[in-house]
Number of protein chains: 2
Amino acid sequence: MTEPSRIAACLIVIGNEILSGRTRDANVAFFATALNECGIRLGEVRVISDVEDAIVETVNAVRSRYDYVFTTGGIGPTHDDITAASIARAFGVRLSLNEEARERLAAHCRSRGVELNEARLRMAHVPDGAILIDNPISVAPGFQIGNVFVMAGIPSVARAMFETVRARLEGGSVIRSRNVGCRLFEGEIARGLGEIQDAWPDLEIGSYPSWDDDGPVLNLVLRGSDEASLDRAAAEIASLVRSKGGEPT
Amino acid sequence: MTEPSRIAACLIVIGNEILSGRTRDANVAFFATALNECGIRLGEVRVISDVEDAIVETVNAVRSRYDYVFTTGGIGPTHDDITAASIARAFGVRLSLNEEARERLAAHCRSRGVELNEARLRMAHVPDGAILIDNPISVAPGFQIGNVFVMAGIPSVARAMFETVRARLEGGSVIRSRNVGCRLFEGEIARGLGEIQDAWPDLEIGSYPSWDDDGPVLNLVLRGSDEASLDRAAAEIASLVRSKGGEPT
């Protein structure tokens with residue numbers, strides 16, 4: 001399979017709660033879809049634990065390989081929120097109190113009648129040189145340093161933060177998709193499907209089988225940036241399905 | 001946060017359908033929970049694309065660092081099923097027709113009245129030296145080579161395959177958890193929680209905030225292998241919550 005060449009991103013999910021099975025991830029599908037809308041391909045996801053060495057090593061391994069890196073998780077006020085300090089170490093810079101972030105948190109605490117204590121002040125510390133990412137939901141900001149965007153793990157906050165940085169992202173051509181469904185087994189159409197893939201090297205054709213109570217369910221998904229190519233290749237796949245006795249949907 | 005030291009695994013999800021946002025992953029939470037039941041910590045997850053270089057590089061990067069590596073996806077009959085060939089390349093061995101796998105597929109095809117064509121025969125090819133992993137659902141086997149277990153991506157098949165290898169896995173002590181819920185903001189208990197974490201270095205204490213219509217929801221999760229330590233630390237956290245005006249649940 002060829003892969004459309006374009007701007008690519010890596011998502012780093014920082015979260016013991018995903019790795020322990022306690023929480024089911026809700027950010028991967030959002031980032032995959034939202035990035036695609038920007039013309040950015042999600043090339044890889046890494047789910048890592050709340051351990052400083054793991055964060056430093058992973059960030060440094062991927063930030064030179066991808067155009068953009070997004071992290072989620074670990075930017076709150078508790079002892080397990082070590083993302084900002086780890087990112088500072090990854091970039092070899094200091095973690096400092098950001099005056100703008102402190103003011104936002106102070107105003108938010110005043111309005112809620114709670115104390116801006118030492119724990120909450122942790123959330124106003126960002127690596128030197130970082131740009132704040134607005135948090136329209138719970139105020140404590142994320143930040144961008146270089147090509148790394150550091151965001152909250154709570155899905156609603158991660159989404160709101162992404163919307164505030166969307167305009168900063170430079171994407172390539174947007175990837176569209178077509179789906180041809182049928183009730184055949186993969187093995188029936190595999191050879192013909194491979195020939196169609198070979199004939200359309202600029203498209204990415206995936207075959208996703210499953211079952212329901214009535215038997216096999218097969219989704220043949222085409223992805224690419226050229227609508228005309230997608231339509232023509234999808235028509236070829238529909239013909240292939242019909243030639244094997246299936247009904248393309 | 002300290003991390004319980006024990007047998008660790010990495011899960012590699014091979015799947016453009018997850019990275020494109022088309023399909024929401026359903027395997028991570030299963031593996032996290034099932035491995036934990038075996039006394040194996042899921043240390044990392046990587047979601048990568050159906051590209052041979054990505055598979056080879058990722059498998060070789062993680063197989064020396066984790067006790068066990070599990071892969072899901074890419075072992076079917078279509079052109080985008082390149083996992084077996086990629087794993088063979090990662091281990092520097094040939095991909096060969098496995099006679100046992102071929103016989104199983106042939107019997108299955110006969111029973112269904114379909115042809116064992118070239119595409120289906122792809123599923124009987126495994127790296128030299130690999131041991132088959134039974135597939136009680138759709139027959140086409142997975143395989144184990146070294147510490148790498150190669151499984152199907154369809155969740156029901158991945159789960160069935162995992163059950164057939166569960167007895168092969170050597171785990172450490174099983175990690176248990178306790179949860180203390182309350183309706184406080186993280187910032188209220190962050191300092192005290194950090195002190196409790198410091199006092200219990202063998203436990204991993206995570207703080208997971210969210211919201212509902214009634215305000216903040218905070219789950220404080222303790223994980224560790226010693227039940228008595230878990231109970232005592234959970235009681236300390238409940239006291240902390242009460243001291244801040246909350247009601248631990």
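Structure first, text after, so check above.
Here's what I pulled together on the structure shown here. (Residues numbered from 1 in each chain as written. Chains lettered and ligands numbered in written order. Predicted model: local features only at pLDDT ≥ 70, side-chain atom pairs only at ≥ 80, totals over all residues. Heavy atoms only, no water.)

## Let's talk about the relation of the copies chain A and chain B
Now for step 1: Taken as rigid bodies, chain A and chain B are interconverted by a rotation of 180° and an axial shift of 0.0 Å, the fit giving an RMSD of 0.0 Å. Put plainly, the chains are arranged around a two-fold axis. Relative to the rotation axis, the C-alpha of R46(A) is the closest in chain A, positioned 2.2 Å from it.
Now for step 2: A share of 100% of the interface residues of chain A reappears at the interface of chain B, consistent with the copies meeting face to face through the same patch. (Least-squares fit on C-alpha atoms with pLDDT ≥ 70 in both. Contact = heavy atoms within 4.5 Å.)

## Focus: the sheet that holds strand β9 (residues 176-182) of chain B
Residues and elements named next belong to chain B.
Now for step 1: Sheet architecture is open: 3 strands sit in the order β9-β11-β10, paired in antiparallel fashion. Edge positions in the sheet fall to β9 and β10 (204-212), since each of these pairs with one other strand and no more. The average angle at which neighbouring strand axes cross in this sheet is 20°, direction not considered.
Now for step 2: Relative to the sheet, helix α8 (residues 186-199) contacts β10 and β11 (215-224), its axis offset from that of β10 by approximately 170°.
Now for step 3: The sheet contacts of helix α9 (residues 227-243) involve β9, β10 and β11, and relative to β9 the element is tilted by about 10°. (Pairing = 2+ DSSP bridges. Helix = DSSP H or I, 4+ residues; strand = E, 2+ residues; numbered from the N terminus. Axes fitted to C-alpha atoms, helices over the stretch in contact; angles between N-to-C directions.)

## Observations regarding the interface of chain A and chain B
Now for step 1: Counting from both sides, the interface comprises 65 residues of chain A and, opposite them, 65 residues of chain B.
Now for step 2: The contact between chain A and chain B buries some 5100 Å² in all, and 55% of this surface belongs to carbon and sulfur atoms.
Now for step 3: Taken together, the links from chain A to chain B amount to 4 salt bridges.
Now for step 4: The partner of R65(A) in a salt bridge is E57(B), with the nearest N and O atoms 2.7 Å apart.
Now for step 5: Applying the counting rule to chain A against chain B returns 20 residue pairs in polar contact (both at pLDDT 80 or more).
Now for step 6: Listing elements by their share of the side of chain A that touches chain B, those giving two or more residues are α1 (16-19), α2 (28-37), β2 (41-48), α6 (118-122), α7 (155-165), α8 (186-199), β10 (204-212) and β11 (215-224) of chain A.
Now for step 7: Of the residues belonging to the side of chain A that touches chain B, the class tally is 26 nonpolar, 20 polar and 19 charged. (Buried area = accessible area lost by both parts, 1.4 Å probe. Salt bridge = Lys/Arg side-chain N within 4 Å of Asp/Glu carboxyl O. Polar contact = N/O pair within 3.5 Å; in protein donor to acceptor, adjacent residues only side chain to side chain. Nonpolar A, V, L, I, M, F, W, Y, C, P; charged D, E, K, R; others polar.)

## A short note on the sheet that holds strand β1 (residues 8-14) of chain A
Now for step 1: The strand order across the open sheet formed by 12 strands is β6(A)-β7(A)-β8(A)-β3(A)-β1(A)-β2(A)-β2(B)-β1(B)-β3(B)-β8(B)-β7(B)-β6(B), and the pairing between neighbours is mixed. Of all strands in the sheet, those with a lone pairing partner are β6 (131-133) of chain A together with β6 (131-133) of chain B, marking the two edges. Each neighbouring strand pair of the sheet contributes to a mean axis angle of 20°, computed without reference to strand direction.
Now for step 2: Bridging between β1(A) and strand β3 (residues 68-72) of chain A involves 5 bridges; their strand directions are parallel. Following the sheet pairing, A9(A) is matched in β3(A) by Y68(A).

## With respect to α9(B)
Residues and elements named next belong to chain B.
Now for step 1: For α9, built from 17 residues, the straight-helix expectation of 24 Å at 1.5 Å per residue is met to within 8% by its first-to-last C-alpha distance of 24 Å.
Now for step 2: Against the buried residues of α9 lie β9, α8, β10 and β11.
Now for step 3: One or two positions beyond α9, positive phi appears at G245, with a value near 85°. (Expected span 1.5 Å × (residues − 1).)

## Remarks on the packing of aromatic side chains
Now for step 1: One pass over the structure, following the stated rule, counts 16 aromatic pairs over all chains.
Now for step 2: Ring geometry for Y68(A) against F70(A): centres 6.4 Å apart, planes inclined by 40°, an arrangement best described as tilted.
Now for step 3: With a relative accessible area of 12%, Y68(A) lands in the buried category.
Now for step 4: Relative to F162(B), the ring of F31(B) lies with its centre 5.6 Å away and its plane at 80°, an arrangement referred to as edge-to-face. Placement of F31(B) in helix α2 (residues 28-37) and of F162(B) in helix α7 (residues 155-165) is noted, with a sequence separation of 131 residues between them. Just as F31(B) is buried, F162(B) falls in that class too.
Now for step 5: Of the aromatic side chains, those joined through ring pairs into one cluster are F30(A), F31(A), Y68(A), F70(A), F149(A) and F162(A).
Now for step 6: Seen from the ring of F91(A), R63(A) lies directly overhead, with NZ or CZ sitting 3.8 Å from the centre.
Now for step 7: A cation sits over an aromatic face here: R112(B) above F185(A), 3.8 Å from the ring centre. (Phe/Tyr/Trp six-rings, centres within 6.5 Å; stacked < 30°, edge-to-face > 60°. Buried < 20%, exposed > 50% of the residue type's maximum accessible area, 1.4 Å probe, protein only. Lys NZ or Arg CZ within 6 Å of the ring centre and 35° of its normal.)

## Brief notes about the pattern of salt bridges
Once the charged atoms of two side chains with opposite charge are near each other, the side chains can pair.
Residue and element names in this part refer to chain A.
Now for step 1: Under the criterion given, the structure shown has 34 salt bridges over all chains.
Now for step 2: For E99, the salt bridge goes to R102, with nearest N and O atoms at 2.9 Å. On the criterion of helical spacing, the pair formed by E99 and R102 is a turn pair, its members being 3 residues apart in helix α5 (residues 99-112).
Now for step 3: You can call E99 partly exposed: its relative accessible area is 38%.
Now for step 4: Across the pair E163 and R166 runs a salt bridge, and its minimum N-O distance is 2.9 Å.
Now for step 5: Taken together, the shared-partner salt bridges in this structure form one network comprising R176, R178, E227 and D231.

This is a description of form; function is not addressed.
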